[in-house]
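# Understanding the architecture of this molecule
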Amino acid sequence: MGELGIVVPAVLAGLTTGAIYALVALGLTLIYGVLHIINFAHGSLLMLALYAAFFLKTLWGIDPYAAVFVLGPAFFALGYVLQRGVIWPASHGQDSMILMVTLGLSIVIDNLALALWTSSTRTVDLPYAFAVIDLKLALIPLPRAVAFVAALAAAGLLWLFLARTDLGRAIRAVAKERLGAQLVGIDVRHVYAMCFGLGTACVAVAACLLLPTFYVTPQVGHAFVLVAFTTVVLGGMGSMEGALIGGLVLGVVETLCGLFLGESLGQIGIFAIFILILLFRPTGLFGGKSA
Amino acid sequence: MNPRLVVLWTVGLLVALALPHAVASNAWLNFWINTLMFAALGIAWNVLGGYGGQSSFGHAVFFGTGAYGTAVLQIKLGVPALLAAPAAIGLGALVGLFIGGVSFRYGLRGSYFALVTLAFAEVFRILVSSFAFTGAGFGMLIPLDQRPINLQFPSRFAFYYAALALVGIGLAASAMIERSRFGAYLVAIRENEEAAKALGIDVFRIKLGAIVLSAALAAAVGVFYAQYLLFVDAGSAFGPAISVEALLGPIVGGAGTMLGPLLGAIALHGLGEAAKAAMGPQPGLNLILQGLLLILMLRFLPEGLIGAIRRWRGHA
């Protein structure tokens, strides 16, 4: 065993962390890939969804896994309205301004949460939170395994959606050539809003899967947002399989860095990858098209 | 200079000099020191982000380098603050040279540049909070020794005038940019980088010059912050809140204008203070209002307060 006995469980733990990163990044890559903008509010929306799942559980006893079916549609609607009602009009359709608008949104959402729910850390108690699956080489917490499978499923569903449905084709058309898409009769504003809505729904799903093994504070989104950007850039903008593999890779990198460099330096590996990828291969590992 | 402008600037300067004595309260003085400090940071950001159009989302990396530079040099190496301060500013400029060097060499622009600066700030934050030499997770306390050689002063008024001087230096640098060939090149790059390159402008060197100047100014603000609070920690010196603070003022006030960042900082901090006075010290309230102000400004006055004033004067 020796070295291997430590490394194998670390890699498995990293894969399950990476699955969560991938889930958060799936929504972002959809928004980033089509709208070509950085959505700084992504982490804040994740935080909001975590609070929503938390209150559904504590106030009405709805299990986080069941909450997926409530929060998914609810956050889809929220995202649609945010894009159509706030981001589009306030940014005048300019990329550099969308960045600032989403930053403003994230400031408002984060501090609203702070004002409403204080900065205390909250967790939920679930009977299955500490259940584990024995893989001989390592023990995997059950909720982590569920999140892992769900990340694979979500990536697959989104890929199918983009490849096979009319709306998916419209989204890809707008991502490639906005003006051309408009000329053939695609309602670009609607597609943008649908995209933002779908991305926000992904965040809600990620939040429901994350809550059983995680906590909620108004700042919780910050921990994920830069990792999500790294995942998206690593995987290639707008690529679902890229986001999935990118997320898994980053999860493993983080745990291995944490193992060998010490806990506090764990995320250094992620940012080092981020900077190197941005500098040397900004189209990502799976991104065929140039940025 | 036209005589009306001379009068305006003289009045402005006199008001600024008299301001801390107008109301005899510590809260009033603290408010202006804070506002001027962040105004100076906004002016620093504006050199690169406003005139140059390269929006950095990680200016905390330069601010933090200045703050930590002066703290580490004093505490670990026993250098007096009077020497540590210029060294820390130089260090900030070097970090700017490095980050600008790699990102502009590889042609990062727009959102990619924003992301890479954000990532550099995070890397610095994690590194600084991981090593004992930089105080690890606890931060660093600069020992109290109020002598001018330590850049520590018994009176808070001294800090007010120091912050005012920082703003003055920043405004002078902005004025020089607006009048110089370097500034004209910088604005040309912002408006159309390809065209600027085609006209023979050395785009890489001009952008590098802008980020080094911007970084040095931001590091100077960081030095001031460390000397004023006599405490630095990774989360507040390198954290995203500082990066956001750096760009909020210029965007609200008017990016790429000389007085925009100053006006923006006064508006944002004034709004926060007014909210506190009206509704009590509710956590997060001032930031909610600042975020809303940002969105509303982008929606209705995308050129910022300066743009609004110019438009109003154009109509009048």
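Up top is the structure these notes are about.
These lines cover the structure that appears in this document, whether it is placed above or below.

Conventions adopted
Residues numbered from 1 in each chain as written. Chains lettered and ligands numbered in written order. Predicted model: local features only at pLDDT ≥ 70, side-chain atom pairs only at ≥ 80, totals over all residues. Heavy atoms only, no water. Helix = DSSP H or I, 4+ residues; strand = E, 2+ residues; numbered from the N terminus. Rg over C-alpha atoms; globule rule 2.2 N^0.38 Å. Buried < 20%, exposed > 50% of the residue type's maximum accessible area, 1.4 Å probe, protein only. Contact = heavy atoms within 4.5 Å. Areas by Shrake-Rupley, 256 points an atom, 1.4 Å probe, with all protein chains shown as cover. Lys, Arg positive; Asp, Glu negative; His and termini not counted. Charge placed at Lys NZ, Arg CZ, Asp CG, Glu CD. Salt bridge = Lys/Arg side-chain N within 4 Å of Asp/Glu carboxyl O. Buried area = accessible area lost by both parts, 1.4 Å probe. Polar contact = N/O pair within 3.5 Å; in protein donor to acceptor, adjacent residues only side chain to side chain. Nonpolar A, V, L, I, M, F, W, Y, C, P; charged D, E, K, R; others polar. Expected span 1.5 Å × (residues − 1). 1 Å grid on protein atoms, 1.4 Å probe; cavity = no way out; pocket = protein on both sides within 12 Å on 5 of 7 lines; lining within 4 Å. Points joined across faces, edges and corners; volume = space filled by probe spheres on them. Axes fitted to C-alpha atoms, helices over the stretch in contact; angles between N-to-C directions. Parallel < 35°, antiparallel > 145°, perpendicular 65-115°, else oblique. Left-handed = near helix turned anticlockwise from the far one by under 90°.

### Some points on the overall build of chain B
- Across its full length, chain B holds 14 helices and 2 strands.
- Against the 2.2 N^0.38 benchmark of 20 Å for 316 residues, chain B shows a C-alpha radius of gyration of 19 Å, consistent with a compact globule.
- Along the longest, intermediate and shortest principal axes, the C-alpha atoms of chain B span 50 × 50 × 40 Å.
- Looking at chain B as a whole, 53% of its 316 residues qualify as buried.
- Across chain B, every contact between residues at least 6 apart in sequence was considered, and the portion connecting residues at least 24 apart equals 76%.
- If you sum the accessible surface of chain B, you get close to 13900 Å²; carbon and sulfur atoms cover 69% of it.
- Computed over 18 positive and 11 negative side-chain charges, the inter-centroid distance for chain B is 4 Å.

### Overview of the pattern of salt bridges
All names here are of chain B.
- Evaluated as defined, the whole model comprises 6 salt bridges over all chains.
- In this structure, Glu-194 and Arg-109 form a salt bridge, with 2.7 Å as the shortest nitrogen-oxygen distance. Placement of Glu-194 in helix α8 (residues 193-198) and of Arg-109 in the loop between α4 (81-105) and α5 (110-128) is noted, with a sequence separation of 85 residues between them.
- On the accessibility criterion, Arg-109 (37% relative accessible area) is partly exposed.
- Between Glu-122 and Arg-125 there is a salt bridge, with the nearest N and O atoms lying 2.8 Å from each other. Residue Glu-122 and its partner Arg-125 are located together in helix α5, separated by 3 residues, close to a single helical turn.
- Judged by relative accessible area, Arg-125 falls into the partly exposed class, the value being 23%.
- Sharing partners across several salt bridges, the network here consists of Arg-109, Glu-193, Glu-194 and Lys-207.

### Some points on unusual backbone geometry
All names here are of chain B.
- Positive phi, close to 50°, is recorded for Leu-151, a residue that is not glycine.
- Mapped onto the elements, Leu-151 comes out in the loop between β1 (140-141) and α6 (156-179).
- Backbone geometry at Leu-230 places phi at a positive 55°, although glycine is not the residue there.
- Mapping Leu-230 onto the fold places it in the loop between α9 (203-229) and β2 (231-232).
- Note on Leu-230: relative accessible area 13%, which makes it buried.

### Details of the interface of chain A and chain B
- At the junction of the two partners, chain A supplies 36 residues and chain B supplies 35 residues.
- Carbon and sulfur atoms supply 84% of the area that chain A and chain B bury against each other, a total of about 3300 Å² over both sides.
- Here chain A and chain B share 0 salt bridges between them.
- At the boundary of chain A with chain B, the tally comes to 2 residue pairs in polar contact (both at pLDDT 80 or more).
- Listing elements by their share of the side of chain A that touches chain B, those giving two or more residues are α3 (64-91), α4 (95-117), α9 (220-235) and α11 (268-280) of chain A.
- The element best represented in the side of chain A that touches chain B is α4(A), accounting for 13 residues.
- Residue classes in the side of chain A that touches chain B are distributed as 31 nonpolar, 5 polar and no charged.

### With respect to helix α12 (residues 260-279) of chain B
- Across its 20 residues, α12(B) extends 28 Å between first and last C-alpha, which sits within 8% of the 28 Å expected from 1.5 Å per residue.
- One or two steps after α12(B), the chain reaches Gly280(B), where phi turns positive at roughly 80°.

### What about empty space enclosed by the protein?
All names here are of chain B.
- What the rule picks out here adds up to 1 cavity of 30 Å³ or more.
- In terms of lining residues, the largest cavity is bounded by Ala-40, Ile-43, Ala-44, Leu-166, Val-167, Ile-169, Gly-170, Leu-217 and Val-221.
- Elements represented by at least two residues in the lining of the largest cavity include exactly α2 (26-51), α6 and α9.
- The leading source of residues in the lining of the largest cavity is α6, at 4 residues.
- Looking at the lining of the largest cavity, its residues break down into 8 nonpolar, 1 polar and no charged.

### Examining the packing of helix α5 (residues 142-164) of chain A against helix α8 (residues 188-210) of chain A
Residues and elements named next belong to chain A.
- Packing of α5 against α8 brings their axes to within 10 Å, and their N-to-C directions diverge by 165°. Put simply, α5 runs roughly antiparallel to α8. Crossing of α5 over α8 shows right-handed handedness. For the pair formed by α5 and α8, the contact residues are Val-146, Ala-147, Ala-150, Leu-158 and Phe-161 on the first element and Leu-198, Cys-202 and Leu-209 on the second.

### Structural notes on the packing of α3(A) against helix α13 (residues 285-300) of chain B
- With their axes 7 Å apart at the nearest point, α3(A) and α13(B) run at an angle of 55° to one another. Overall, the two elements α3(A) and α13(B) adopt an arrangement that is oblique. Between α3(A) and α13(B), the residues in contact are Val86(A), Pro89(A) and Ala90(A) and Ile295(B), Leu298(B) and Arg299(B), respectively.
- Among the residues making up the contact of α3(A) with α13(B), the classes are represented as 5 nonpolar, no polar and 1 charged.

### Points about the environment of Phe280(A)
- With respect to the secondary-structure elements, Phe280(A) resides in helix α11.
- Separated by 37 residues in sequence, Phe280(A) and Ala243(A) have C-alpha atoms that sit 18 Å apart.

### A few points about the side chain of Thr200(A)
Residue and element names in this part refer to chain A.
- Structurally, the position occupied by Thr-200 is in helix α8.
- Overall, Thr-200 belongs to the buried group, its relative accessible area being 1%.
- Within polar-contact distance, the side chain of Thr-200 engages the backbone oxygen of Phe-196 at 2.6 Å.

### Structural notes on the layout of surface pockets
Residues and elements named next belong to chain B.
- Its volume calculated, the second largest pocket comes out at about 1400 Å³.
- If you go around the second largest pocket, you meet 32 residues; those closest to its centre are Leu-8, Trp-9, Met-258, Leu-259 and Leu-262.
- Secondary structure elements with two or more residues in the lining of the second largest pocket: α1 (3-22), α2, α6, α12 and α14 (304-315).

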